[in-house]
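Structural overview
Read off the chains here:
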Amino acid sequence: MASPMDEALEAGSSLPWAKLGGRALCDACLGRLVGKAGHGLTNAERGGALRERFGVPAGGPCWLCDGLLGEVRKFAELSAAKLEPWEFRTFLVGSKVDPEVAAREESLWSELGATQAEAIKSELNREIGKRLEARFRRPAEFTRPDVVAIVDTAFDSVSVTVNPLFVYGRYRKLVRGIPQTRWPCRRCGGKGCEHCGGKGKMYETSVEEIIAAPVMAQTGGSGHALHGMGREDVDALMLGRGRPFIVEIKEPVRRTVDLMAVVAAVNRTGQVEVADLRPATGDRVVALKEDRARKSYRVLVRLEAPVEDGKLKTAVSSLVGQPIAQRTPVRVSHRRADRTRERLVTAIEVSRHDGATVELRVTAEAGTYVKELVHGDGGRTIPSLAGALGVACEVVELDVLDIQDSG
Ligand SMILES: [Zn+2]
Ligand SMILES: [Zn+2]
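The structure contained in this document is the topic of the report that follows. Owing to the predicted nature of the structure, the values given are computational and were not obtained by experimental measurement.

Let us now look at the coordination of the zinc ion (ligand 1). Octahedral metals with six donors have ideal donor angles of 90 or 180 degrees. Tetrahedral metals with four donors have an ideal donor angle of 109.5 degrees. Coordination sphere of the zinc ion (ligand 1), protein contribution only: Cys 26 (SG), Cys 29 (SG), Cys 62 (SG) and Cys 65 (SG), at 2.2 to 2.3 Å. Around the zinc ion (ligand 1) sit 4 donor atoms; with metal-centred angles ranging over 105 to 116 degrees, the donor geometry is tetrahedral. We note that the donor set of the zinc ion (ligand 1) lies within a single chain, spaced as C-x2-C-x32-C-x2-C. Residue Cys 62 is classed as buried on the basis of its relative accessible area of 8%. Residue classification places Cys 65 among the buried residues on the basis of a relative accessible area of 5%.

The gaps left among the atoms become clear once a water-sized probe is rolled over them. Space inside the largest pocket adds up to approximately 960 Å³. Lining the largest pocket are 38 residues, with Gly 230, Arg 231, Glu 232, Asp 233 and Arg 336 positioned closest to its centre. Taken together, the elements giving at least two residues each to the lining of the largest pocket come down to β5 (223-228), β8 (294-303), β10 (340-354), α11 (370-375) and β13 (393-404). Sorting elements by how many residues they give to the lining of the largest pocket places β5 first, with 3 residues. Residue classes in the lining of the largest pocket are distributed as 13 nonpolar, 8 polar and 17 charged. In this structure, the second largest pocket spans a volume of roughly 420 Å³. Within the residue set of the lining of the second largest pocket, elements represented by two or more residues are β4 (165-173) and β7 (272-280). The element contributing the most residues to the lining of the second largest pocket is β4, with 3 residues.

Position of Arg 298 relative to the elements: it lies in strand β8. In this structure the side chain of Arg 298 is engaged in a polar contact, spanning 2.9 Å, whose partner is the side chain of Glu 397. Of the polar contacts made by the side chain of Arg 298, one reaches the side chain of Asp 399; its length is 2.6 Å. Filtering out sequence-adjacent residues up to four positions away, Arg 298 remains in contact with Arg 176, Glu 359, Leu 360, Glu 397, Leu 398, Asp 399 and Leu 401.

Quick look at the environment of Leu 303 now. Here Leu 303 is to be found in strand β8. Overall, Leu 303 belongs to the buried group, its relative accessible area being 4%. Between the C-alpha atom of Leu 303 and that of Glu 397, which follows or precedes it by 94 residues, the distance is 13 Å. Setting aside residues no more than four positions away along its own chain, Leu 303 makes contact with Gly 355, Ala 356, Val 358, Leu 389, Val 391, Ala 392 and Cys 393.

What counts and how
- Residue numbers here run from 1 along each chain, matching the order of that chain's written sequence.
- Working convention: letters from A go to chains and numbers from 1 go to ligands, in the order in which they are written.
- A pLDDT threshold of at least 70 governs which residues receive local features in this predicted model, and a stricter bar of 80 or more applies before side-chain atom pairs are shown or counted, although totals over entire chains, interfaces and linings include all residues.
- To get the side-chain values, take all heavy atoms of the structure and skip hydrogens and water.
- The donor set comprises N, O and S atoms within 2.8 Å of the metal, extended to 3.2 Å for Na, K and Ca; water molecules are omitted, so apparent gaps in a site may simply reflect that omission.
- Key to geometry: four donors with every angle between 85 and 135 degrees are tetrahedral; four donors are square planar and six octahedral where opposite donors lie over 155 degrees apart and all remaining angles lie between 65 and 115; all other sites are irregular.
- Here the term buried applies to any residue with accessible area under 20% of the maximum for its type, exposed to any over 50%, and partly exposed to those in between, with areas from a 1.4 Å probe on protein chains only.
- Cavities and pockets are found on a 1 Å grid laid over the protein atoms alone: a cavity is a set of points where a 1.4 Å probe fits but cannot escape, a pocket is an open set with protein on both sides within 12 Å along at least five of seven lines, and a lining residue has an atom within 4 Å of such a point.
- Grid points are joined across faces, edges and corners, and a volume is the space filled by probe spheres set on the points.
- Runs of E in the DSSP output that reach at least two residues are strands. Runs of H or I that reach at least four are helices, and both are numbered from the N terminus.
- Under this grouping Gly is polar, as are all residues other than the nonpolar Ala, Val, Leu, Ile, Met, Phe, Trp, Tyr, Cys and Pro and the charged Asp, Glu, Lys and Arg.
- In protein, a polar contact means a hydrogen-donor-capable atom and an acceptor-capable atom, both N or O and within 3.5 Å, with residues adjacent in sequence counting only if both atoms are side-chain atoms; elsewhere, any N or O pair within 3.5 Å suffices.
- Throughout, a contact is declared for two residues whenever any of their heavy atoms are within 4.5 Å.

Structure follows, in structure tokens:
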């Protein structure tokens, strides 16, 4: 079997070295012309051997990189200094190379007909990466690095991208009047105005802010977002096992989170409780948001006039198991497209009925507008409880009792 060096020399034997003319190449740039041949060698090793075997002259500044590859150590040190303030388990290095250098390289490949060459950018990334691996004692990570250092070789500068931190959990909302996410003031858009009392938001707090606060305090993040498996209304409680969510912390300085302390801090508020907290990844967000889990609700309804038990039971059962056509409700029409869609109610149970007051347990497909199912939304939801009874219905309270997700 041929040794890696034999393979590299074999690849070099087919190149017309005379065509280099007076252009001097450093060992690394020379070796990179056959960089994909001979596993485990450095390009400088390949280059040294090619130079000897094929009599490629040495000396003078490198026509291709002009000494750039001699600066790998400096780039690694710049990168290390920029990464130092951030806690990370995994990292990746990228680099920007002067377009003129890349263009020279490509023209040389085509002139020589080099088919096993490696790009200078790829060598820089690897060589800087190797030094950082040794410095931080952890391997470079290509799929989901915590931090990415981008070296701009033309300006000797490094910029760091810090990827977000994600924590999965389930929340229960124990009080009414709190939105799921921070709701910027409609009038000022968040800057703070008279309408919002300078707060820049419509509500004092939100499930998002309550959950994110202790995680932000621990991680020193620059911002946050909450991704929920659906959302409940501002005035609805979220009970049962709670709603699955992923909280996203942007640009965390620290990534070690004491999840038990987060649970304790959130639960102390008495407004929101969290459970099942665990580290998550960004790609889980889409799946979570798209989950079409069925949900169960408790709905307290006030009827405009008392109805008999039998009539109520008939009306309720007429809504189960047949498509409910729902045009986008008036209350959300300012932020959602106007369209009609069908949803299925799989069960309704009358848990309390006292003349004009009714309590229902409703189980419905994801995305069902339950308030509208009850009051009919002026004929935009058909059929509805109000329509089936012929009596106006008002939703007094609505709580989510369970989210039947697979997790
Ligand atoms: Zn060079
Ligand atoms: Zn405002």
